[in-house]
Number of protein chains: 2
Amino acid sequence: MRHSAQRDTILRIVKDAHDHPTADTIYSRVREEIPNISLGTVYRNLKSLSDMGEVDTMETLDKSIHYDGNTVTHRHFICRECSHIIDLFFECKIPEEFHSLGLLVESQKTIYYGLCPDCQRQKAQ
Amino acid sequence: MRHSAQRDTILRIVKDAHDHPTADTIYSRVREEIPNISLGTVYRNLKSLSDMGEVDTMETLDKSIHYDGNTVTHRHFICRECSHIIDLFFECKIPEEFHSLGLLVESQKTIYYGLCPDCQRQKAQ
DNA sequence: CTCCCAAGTAGTAATAGTTACTGTTATTAT
DNA sequence: ATAATAACAGTAACTATTACTACTTGGGAG
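This report concerns the structure included in the present document. Keep in mind that what you see is a predicted model, and the values were worked out from it rather than measured.

A word on the sheet that holds strand 4 (residues 85-88) of chain B
Taking strand neighbours across the sheet as the criterion, the 6 strands line up as 4(A)-3(A)-5(A)-5(B)-3(B)-4(B) in an open arrangement whose pairing is mixed. Each edge of the sheet is formed by a strand with only one pairing partner; in this case those strands are strand 4 (85-88) of chain A together with strand 4 of chain B. With strand direction ignored, the average angle separating the axes of adjacent strands in the sheet is 25°. Pairing of strand 3 (residues 75-79) of chain B with strand 4 of chain B involves 4 bridges; the strand directions are antiparallel. Looking at strand 4 of chain B, one finds that Phe 77 of chain B is bridged to Ile 86 of chain B. Together, strand 3 (75-79) and strand 5 (104-115) of chain A together with strand 5 (104-115) of chain B form the strand contacts of helix 5 (residues 117-124) of chain A, whose direction differs from that of strand 5 of chain A by roughly 30°.

Comments concerning the protein's contact with DNA strand C
Every one of the 21 residues lining DNA strand C counts as a neighbour, but His 3 and Tyr 43 of chain A together with Ser 4, Thr 41 and Arg 44 of chain B are closest to it. The protein-proximal atoms of DNA strand C, defined as those within 4 Å of the protein, are 69% sugar or phosphate. A distance of 2.6 Å is found between a phosphate oxygen of DNA strand C and a side-chain nitrogen or oxygen belonging to Tyr 43 of chain A. In this structure, Arg 44 of chain B approaches DNA strand C through a side-chain N or O atom, which is 2.4 Å from a phosphate oxygen. Counting only elements with at least two residues in the surface near DNA strand C, the list comes to helix 3 (39-51) of chain A together with helix 1 (5-16) and helix 3 (39-51) of chain B. By residue class, the composition of the surface near DNA strand C is 6 nonpolar, 8 polar and 7 charged.

Comments concerning the interface of chain B and chain A
Chain B puts 32 residues into the contact, and the matching count from chain A is 32 residues. When chain B packs against chain A, close to 2,700 Å² is buried across both sides, 62% of that on carbon and sulfur atoms. The three residues of chain B that bury the most area against chain A are Phe 90, Tyr 112 and Tyr 113 of chain B, which together make up 21% of that side's buried surface. Between chain B and chain A we count 2 salt bridges in total.

Section: the protein's contact with DNA strand D
For DNA strand D, the set of nearby residues contains 20 residues, the closest of which are Ser 4, Thr 41 and Arg 44 of chain A together with His 3 and Tyr 43 of chain B. For DNA strand D, the fraction of protein-proximal atoms (within 4 Å) that sit in sugar or phosphate groups is 74%. Tyr 43 of chain B places a side-chain nitrogen or oxygen 2.6 Å from a phosphate oxygen of DNA strand D. Within the backbone of Ile 65 of chain B, a nitrogen or oxygen atom sits 2.9 Å from a phosphate oxygen of DNA strand D. Of all the secondary-structure elements, those providing two or more residues to the surface near DNA strand D are helix 1 (5-16) and helix 3 of chain A together with helix 3 of chain B. When the residues that make up the surface near DNA strand D are grouped by side-chain class, the tally is 5 nonpolar, 8 polar and 7 charged.

Cut-off values and rules
- Residues numbered from 1 in each chain as written.
- Chains lettered and ligands numbered in written order.
- Predicted model: local features only at pLDDT ≥ 70, side-chain atom pairs only at ≥ 80, totals over all residues.
- Heavy atoms only, no water.
- Pairing = 2+ DSSP bridges.
- Helix = DSSP H or I, 4+ residues; strand = E, 2+ residues; numbered from the N terminus.
- Axes fitted to C-alpha atoms, helices over the stretch in contact; angles between N-to-C directions.
- Contact = heavy atoms within 4.5 Å.
- Near = heavy atom within 4 Å.
- Polar contact = N/O pair within 3.5 Å; in protein donor to acceptor, adjacent residues only side chain to side chain.
- Nonpolar A, V, L, I, M, F, W, Y, C, P; charged D, E, K, R; others polar.
- Buried area = accessible area lost by both parts, 1.4 Å probe.
- Salt bridge = Lys/Arg side-chain N within 4 Å of Asp/Glu carboxyl O.

Quick look at the structure:
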C-alpha cells in the first residue's frame, strides 16, 4: 500500500473524532484541510482503513455507516430520542458457549438502544 | 391499524423464515402467494411490523436490512466466509453499569463475527 | 346490507448512501 | 531522473429504501 496525504488526513480526523461520524461528515471535515478532496476518495480510504483494522464501523438504524477511530473493543448505546451515541468500555467477554458450538469469534458489535439521562428527564416532564 | 392480506402474508413469511431474509428476499417469497404485490408494500409493511415490535431488524456489514421473525431477545453470529447467520439464545443481561450511568436500555443488538465450524475446516486444509 | 372514507395498495419516481469508472497526478523502486 | 502503477478528482452508475399518486379495499355508521 502506497502512502497518501489524503489517507493520512482521513485517518487522523477519524481518530480525533469522538462522535462516530458518517462518511459524509468526515468528508466535510477533511475538506477543511484538503478542499478539493473527492467524496469517493473518502469512501475508498475509509473502506481500506476499515479492512486494515485501523478504524471500526457501526451499522445503525439510520442507513449510513458510522466510523469509529477507537479500535479498542467496546460497545455503544444509542438514544432513541436524540440519537446520541455513548461509548461503553465494559468488559466484553466471549461467552463460553461459543466453544461448544465450534464458533470462532474474531470480533463483536453490540448496540444498546434506549433513552439517555437527558431525554429521560424531558420525557418525565 | 386496518387489516390487510398483504401485511398478514408478509408477517407470516417473516415468522416462518429462519434465514434472516432481506426485504428483497421477502418480496420474492411473498410474490409466490401474491404475484402482483408491490415492493413498496413489502418495505412499508416491514417498517410498520418492525415499529409494532412484530419483527426485529439486523443491520449488518452488507448494506441491506435483515429481518427476523423471532422477537425473543437473542444475538447473532455471522461467518465472515459464508455469511451464514446463526441465532444465539445465550442469556443477554444488561450490565449493572447502565444504572450508574443513568442509561435506560430498552433493547440491544449484538452481532459476533468470525468463522463457522465448516469454514474453519476448509481454511485448515 | 350498503355506502362512505380513510387506510392500504400497485406502480413508478425520487432519494441517499455508496461504489465504479476514467483520465490525470503522485509515490516509490530502480 | 524515470518508469510503473497506486491513488486521486470528478463524475456516472448502482442499490437499498422512501415518497408520491391515482386506484382499491376494509370495516364502521346509518
